[in-house]
Amino acid sequence: MTSATDTEVTTDVATAARALLAGELVAFPTETVWGLGALATDPSAIAKTYAAKGRPRDNPLIVHVADVGAALTLFLEWPGRAAAEAILRAFAPGPITVVIPRPPSLPADVSAGLETVGLRIPSHHVAQALLRAVNAPVAAPSANVSGRPSPTTRDGVLASLEGKIPLVLDGPRGEIGLESTVVDCTGDVPTLLRAGAVFVEALREVVPTLEVVADGEALARSPGTRHRHYAPTCRVHLVSSEARGLPPGARYETSAYIGLSSPSKEEPFCLVRVCASAEHYAHELFEFMRHADDAGAALLVCEEVPVAGIGLALMDRLRRAADVASP
Ligand code: AMP
Ligand code: MG
């Protein structure tokens, strides 16, 4: 079958920057997951992002800049400004997104028509080099077809978007593997909208009033949470450490397993990944979902982890994957 676009892979940052400035889409690695970049000030580039991903038009994009100085040029005056600035100064560059009032320099299309925008400063050296070369804000959702797990490798990007985007800027895998922590700083009280590798405990040291949004409210305040997310094609089944069995009707030969404890020898899963820590589990999860699909698994069994530190973000992604994929 012929594809609509030939997807090229480059390691040349200048080539990738030129493509972005010309209004093209470029996928690039970050420390969380791979991003699908587009010049944030160019509505036609933004339209290409939604088209390539098949992303619902009500799901806003996160805008990326190289450093705190560049971020502050997008800051208006509003009551939550001090909190947003303090969070960036404490945790950026890194896996943190602050939601702020959208400045007039960023088109409404970037944030799905909202008056607010998510802003992030990635730390990955390739993302940093690209943003410095572009020297303009780059909107970048995860580089996958909408609804699928975010890619954490170049091959994961190609598996999802080959033929749909012109260019991938290659680089090493990021160290985290789950999407950024999102904090809404537009209201009176900073509010966690999505858990990630910047933990609630650390955020509260900088903004002690931080609230964690209740599940129902998250739907209203963080549009992306309304949509199907993070799910492989196979069904996802969560198990506790004490009871790591299969659900009725499932067979080991067509089931994959990921967790912190190893399955016993009597359990012949078709694919097994035992992780050394919750951080390692978070790093491996999305790539393992892809491998499970490639192996033709009908079921992915995931061991639950304690909801602390990265465990909060990991359990959030696992529950979403299980919810949408389970009958
Ligand atoms: P992705 O880039 O695919 O990881 O998705 C970005 C997610 O960040 C969205 O789906 C939203 O849930 C959240 N987000 C981005 N911008 C905003 C915003 N302006 N207000 C609230 N949530 C946002
Ligand atoms: Mg995404």
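Cut-off values and rules
Residues numbered from 1 in each chain as written. Chains lettered and ligands numbered in written order. Predicted model: local features only at pLDDT ≥ 70, side-chain atom pairs only at ≥ 80, totals over all residues. Heavy atoms only, no water. Helix = DSSP H or I, 4+ residues; strand = E, 2+ residues; numbered from the N terminus. Rg over C-alpha atoms; globule rule 2.2 N^0.38 Å. Buried < 20%, exposed > 50% of the residue type's maximum accessible area, 1.4 Å probe, protein only. Contact = heavy atoms within 4.5 Å. Areas by Shrake-Rupley, 256 points an atom, 1.4 Å probe, with all protein chains shown as cover. Lys, Arg positive; Asp, Glu negative; His and termini not counted. Charge placed at Lys NZ, Arg CZ, Asp CG, Glu CD. Pairing = 2+ DSSP bridges. Axes fitted to C-alpha atoms, helices over the stretch in contact; angles between N-to-C directions. Core = buried A, V, L, I, M, F, W, Y, C linked by side-chain atoms within 4.5 Å. Phe/Tyr/Trp six-rings, centres within 6.5 Å; stacked < 30°, edge-to-face > 60°. Salt bridge = Lys/Arg side-chain N within 4 Å of Asp/Glu carboxyl O. Parallel < 35°, antiparallel > 145°, perpendicular 65-115°, else oblique. Left-handed = near helix turned anticlockwise from the far one by under 90°. Nonpolar A, V, L, I, M, F, W, Y, C, P; charged D, E, K, R; others polar. Disulfide = S-S within 2.5 Å.

(A) Broad picture of the overall build of the protein. Regarding its fold elements, the protein presents 10 helices and 15 strands. Taking 327 residues into account, the globule formula puts the C-alpha radius of gyration at 20 Å, and the protein, at 19 Å, falls close to it. By its C-alpha atoms, the protein is 60 × 50 × 30 Å across when sized along the principal axes. When each of the 327 residues of the protein is scored for burial, the buried share is 56%. The long-range fraction of contacts in the protein, counting pairs at least 24 apart against all pairs at least 6 apart in sequence, stands at 66%. For the protein, the accessible surface area stands at approximately 13200 Å², while carbon and sulfur atoms represent 53% of it. Each charge class in the protein can be summarised by its mean position, and for the 28 positive and 37 negative side chains these summaries are 3 Å apart.

(B) Highlighting the sheet that holds strand 10 (residues 191–194). Here we have 11 strands laid out as an open sheet, ordered 1-8-2-3-7-4-6-5-9-10-11, and mixed in their pairing. Only two strands of the sheet have a single neighbouring strand rather than two, namely strand 1 (8–10) and strand 11 (211–212). In the packing of helix 2 (residues 43–53) onto the sheet, the strands contacted are strand 3 (35–39) and strand 7 (138–139), and the crossing angle to strand 3 comes to about 155°.

(C) Summary view of the environment of Pro107. Here Pro107 shows up in the loop between strand 5 (96–101) and strand 6 (116–120). Not counting the four nearest positions on each side in its chain, Pro107 is found in contact with Ala40, Thr41, Pro43 and Arg102.

(D) Spotlight on the nonpolar core. Grouped together as the largest cluster of nonpolar side chains are 76 residues, with contacts concentrated most on Ile87, Leu119, Ile165, Leu203, Tyr281 and Leu300. For Leu119, the residues in contact, after removing those within four places along its chain, are Ile62, Val63, Val65, Ala71, Leu74, Phe75, Ile96, Thr97, Val98 and Ile100. Counting 17 residues, the second-largest nonpolar core is a separate cluster that includes Ala66, Ala127, Val134 and Val138.

(E) Spotlight on the sheet that holds strand 14 (residues 271–274). Sheet architecture is open: 4 strands sit in the order 12-15-13-14, paired in parallel fashion. Both outer strands of the open sheet, strand 12 (235–239) and strand 14, are each paired with one neighbouring strand and no more. Along the sheet, successive strands turn relative to each other by an average axial angle of 15°, direction set aside. In terms of strand pairing, strand 13 (residues 255–259) meets strand 14 through 4 bridges, oriented parallel. In the strand pairing of strand 14, Ile258 is matched with Arg273. Where helix 9 (residues 278–294) meets the sheet, it contacts strand 13, strand 14 and strand 15 (299–303), and its direction lies at approximately 170° from that of strand 13.

(F) Structural context of the packing of aromatic side chains. According to the stated counting rule, one finds 3 aromatic pairs in the structure shown. Judged by centre distance (4.9 Å) and plane angle (85°), the ring pair of Tyr252 and Phe269 falls under edge-to-face. In this pair, Tyr252 sits in the loop between strand 12 and strand 13 while Phe269 sits in the loop between strand 13 and strand 14, placing the two residues 17 residues apart along the sequence. Accessibility expressed as a relative area gives 9% for Phe269, which makes it buried. Ring geometry for Tyr257 versus Phe269: centroids 5.4 Å apart, planes at 35°, classification tilted.

(G) Broad picture of the pattern of salt bridges. Applying the stated rule across the entire model yields 17 salt bridges. In this structure, Glu31 and Arg120 form a salt bridge, with 2.8 Å as the shortest nitrogen-oxygen distance. Taken together, the residues span a long stretch of sequence, with Glu31 in the loop between strand 2 (26–28) and strand 3 and Arg120 in strand 6 at a distance of 89 residues. Here Arg132 makes a salt bridge to Asp67, at a shortest N to O gap of 3.3 Å. Placement of the pair is Arg132 in helix 5 (residues 125–134) and Asp67 in the loop between strand 4 (62–64) and helix 3 (68–72), with a sequence separation of 65 residues. For Asp67, a relative accessible area of 29% gives the class partly exposed.

(H) Local environment of the packing of helix 1 (residues 13–21) against helix 5. Across the interface, helix 1 lies against helix 5 with an axial gap of 9 Å and an inter-helix angle of 55°. On the basis of their axis angle, the class for helix 1 and helix 5 is oblique. As helix 1 packs across helix 5, the resulting crossing turns out to be right-handed. Here Val13, Ala16, Ala17, Leu20 and Leu21 of helix 1 lie close against helix 5, whose contacting residues are Ala129, Leu130, Ala133 and Val134. Looking at side-chain class alone, the contact of helix 1 with helix 5 contains 9 nonpolar, no polar and no charged residues.

(I) Summary view of the state of the cysteines. Enumeration according to the criterion identifies 0 disulfides in this entry. Not part of a disulfide, Cys302 finds its nearest cysteine sulfur in Cys234, a span of 8.2 Å.

(J) Fine view of the environment of Pro151. Structurally, Pro151 is set in the loop between strand 7 and helix 6 (154–161). Assessed through its relative accessible area of 5%, Pro151 is described here as buried. Along the chain, Pro151 and Gly35 lie 116 residues apart, while their C-alpha atoms are 8.5 Å from each other. Filtering out sequence-adjacent residues up to four positions away, Pro151 remains in contact with Val33, Trp34, Ala143, Asn144, Gly156 and Val157.

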